[in-house]
Amino acid sequence: MSAIDIIMPRIEIDLGKIAHNTRTLKELYGSKGIDVIGVTKVVCGDATIAKVLVKSGISILADSRIANIVKIRNADIHTQFLLLRSPLSLSESVVKYADISLNSEFSVIKKLSKYALKQDTTHKIILMVELGDLREGVMPSDIENTVKKVIKLKGIKLAGIGTNLACFGGIKPNDEKMGHLSSLAKDIEKKFGLALEFVSGGNSGNYNWFMSTKDIGKINNLRLGESIFLGCETLNRKPITGLFTDAFTLFAEVIESKIKPSLPYGDVYQDAFGNIPKFIDRGLIKKAILGVGLQDVLVSGLTPMLDIDILGASSDHIIIDAKQSEIKVGDTVGFNLNYGALLSAMTSPYIIKIYK
Ligand SMILES: *Cc1c(COP(=O)(O)O)cnc(C)c1O
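1. Describing the overall build of the chain
Tallying secondary structure elements over the chain gives ten helices and 16 strands in all. Here the chain holds 356 residues, and the buried ones make up 48% of them. Contacts in the chain between residues far apart in sequence, at least 24 positions, make up 64% of those at least 6 positions apart. As presented, the chain carries roughly 17200 Å² of accessible surface, and 53% of it is formed by carbon and sulfur atoms. Between the centroid of the 44 positive side chains of the chain and the centroid of its 38 negative side chains there is a distance of 7 Å.

Right, here's the structure in full:
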């Protein structure tokens, strides 16, 4: 690639908008005593972005992958790190690189204890509680028993309990669920005579609960990714007032533009992904190809900023109906991204990251 090549495809990242969203959410949740952990997994542990979060007041960064945490640490970012995903085989590095981890299996916590002792350190854990979304978490009836075993482990500090809703099962965090978590926290503190540093109520899906509740109970923490980066809550994907929803924009290049039939001609068999495609005959249309595809980004999560239609995509191409727009070869088309598109674009080595 020569220096004068325009770098394509690329994602433009507006760091000012991310900083604004971070400060606004931190202030909003802080107004009722809830602290915000910044979740970097959807930006693949991008160190430049992580730095912006820390500069905007975030004091704990969380990621589901140790590799991402190591990447951020290596960029000289000094803050606390939380691992979001239960870490069995990586226990030794978890203790080394993460200050805190979310856990739901005693056998894993035991392993963390072993390595914490070996490394002469204390590893904090947040015990996850299942409240109906059916991803990670100890069943509420098993919590007391688990706590009893965990607090006996050397090198481990039970720093809190937490739950995760609105992820796998799409279950809404509401007063009943948050009340349940609060009461479990109260019971644990009373029964075992300890103070829990974190009662972590969830993620970006907790926004509507937070705005409507009269009593946050003992919830003092949320782990936020999507609302910081995309400016929306995640139950209905509605924009949050005062936040930017366009901190990220994907740009791709038009590599072909021609008038072509809307209906493929010849014998119809499987396409590149094993589907038999169906098309509607709309006569001749203005068809263009963009130099970005499924190897770069989850195409179904892209919304074009021009009035054009995405007709389909293969590994390296998006095929569009350019409709009335005057696009020609060499032009650039911009897209907004949803969570899945952002996750894939930030993870793709082919998409150049440009910070503004
Ligand atoms: C991804 C994740 C989050 C952040 O979720 P958002 O919807 O991006 O706010 C919080 N907690 C856990 C356990 C996660 O895996």
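2. Some words on the domain arrangement of the chain
Assigned domains within the chain: domain 1 (32–230) and domain 2 (248–355). Of note, the centres of domain 1 and domain 2, computed from C-alpha atoms alone, are 38 Å apart. Listed per partner, the contact involves ten residues of domain 1 and nine residues of domain 2. Each partner contributes to the roughly 930 Å² buried at the junction of domain 1 and domain 2, and carbon and sulfur atoms together form 73% of this total. Of all residues in domain 1, Val42, Cys44 and Leu230 bury the most surface against domain 2, accounting for 48% of the area lost on that side. Connecting domain 1 to domain 2 are zero salt bridges. Breaking the side of domain 1 that touches domain 2 down by element, the ones donating at least two residues are helix H2 (47–55) and helix H9 (226–230). Per element, the largest residue contribution to the side of domain 1 that touches domain 2 is three residues, and it comes from H9. Its residues assigned to classes, the side of domain 1 that touches domain 2 comprises six nonpolar, one polar and three charged.

3. Focus on unusual backbone geometry
Residue Pro9 is bonded to the preceding Met8 through a cis peptide linkage, with omega at -10°. Of note, Pro9 is situated in the segment before strand S1 (10–13). With phi around 55°, Cys44 is a residue other than glycine that occupies positive phi space. By secondary structure assignment, the location of Cys44 is in the loop between strand S2 (35–39) and H2. When its relative accessible area of 17% is taken as the criterion, Cys44 is described as buried.

4. Some remarks on the packing of helix H6 (residues 143–150) against helix H7 (residues 175–192)
Where H6 meets H7, the axes come as close as 11 Å, and the angle between the chain directions of the two elements is 45°. Between H6 and H7, the angle is such that the two are oblique. Pair H6 / H7 crosses with right-handed handedness. For the pair formed by H6 and H7, the contact residues are Ile143, Glu144, Val147 and Lys148 on the first element and Ile188, Lys191 and Phe192 on the second. Considered class by class, the residues forming the contact of H6 with H7 number four nonpolar, no polar and three charged.

5. Considerations on the site of the ligand
Every one of the 14 residues lining the ligand counts as a neighbour, but Lys41, Ser204, Arg223, Gly225 and Glu226 are closest to it. Note that an oxygen atom of the ligand is positioned 2.7 Å from one of the side-chain N or O atoms of Lys41. Between the ligand and Glu226, the relevant distance is 2.8 Å, taken from an oxygen atom to a main-chain nitrogen or oxygen of the residue. For the shell around the ligand, the per-class residue count stands at five nonpolar, four polar and five charged.

6. With respect to the packing of aromatic side chains
Throughout the structure, instances matching the rule amount to two aromatic pairs. Centroid distance Phe229 to Phe248: 6.1 Å. Interplanar angle 70°. Geometry classified as edge-to-face. With Phe229 in helix H9 and Phe248 in strand S10 (residues 248–261), this pair connects stretches of sequence that are 19 residues apart. Like Phe248, Phe229 is buried. Against the face of Phe210 rests Lys32, its NZ or CZ located 4.4 Å from the ring centre. Taking NZ or CZ as reference, Lys149 lies 4.5 Å from the ring centre of Phe106, over its face.

Definitions and cut-offs
Residues numbered from 1 in each chain as written. Predicted model: local features only at pLDDT ≥ 70, side-chain atom pairs only at ≥ 80, totals over all residues. Heavy atoms only, no water. Helix = DSSP H or I, 4+ residues; strand = E, 2+ residues; numbered from the N terminus. Buried < 20%, exposed > 50% of the residue type's maximum accessible area, 1.4 Å probe, protein only. Contact = heavy atoms within 4.5 Å. Areas by Shrake-Rupley, 256 points an atom, 1.4 Å probe, with all protein chains shown as cover. Lys, Arg positive; Asp, Glu negative; His and termini not counted. Charge placed at Lys NZ, Arg CZ, Asp CG, Glu CD. Domains from an automatic or database assignment. Buried area = accessible area lost by both parts, 1.4 Å probe. Salt bridge = Lys/Arg side-chain N within 4 Å of Asp/Glu carboxyl O. Nonpolar A, V, L, I, M, F, W, Y, C, P; charged D, E, K, R; others polar. Axes fitted to C-alpha atoms, helices over the stretch in contact; angles between N-to-C directions. Parallel < 35°, antiparallel > 145°, perpendicular 65-115°, else oblique. Left-handed = near helix turned anticlockwise from the far one by under 90°. Near = heavy atom within 4 Å. Polar contact = N/O pair within 3.5 Å; in protein donor to acceptor, adjacent residues only side chain to side chain. Phe/Tyr/Trp six-rings, centres within 6.5 Å; stacked < 30°, edge-to-face > 60°. Lys NZ or Arg CZ within 6 Å of the ring centre and 35° of its normal.

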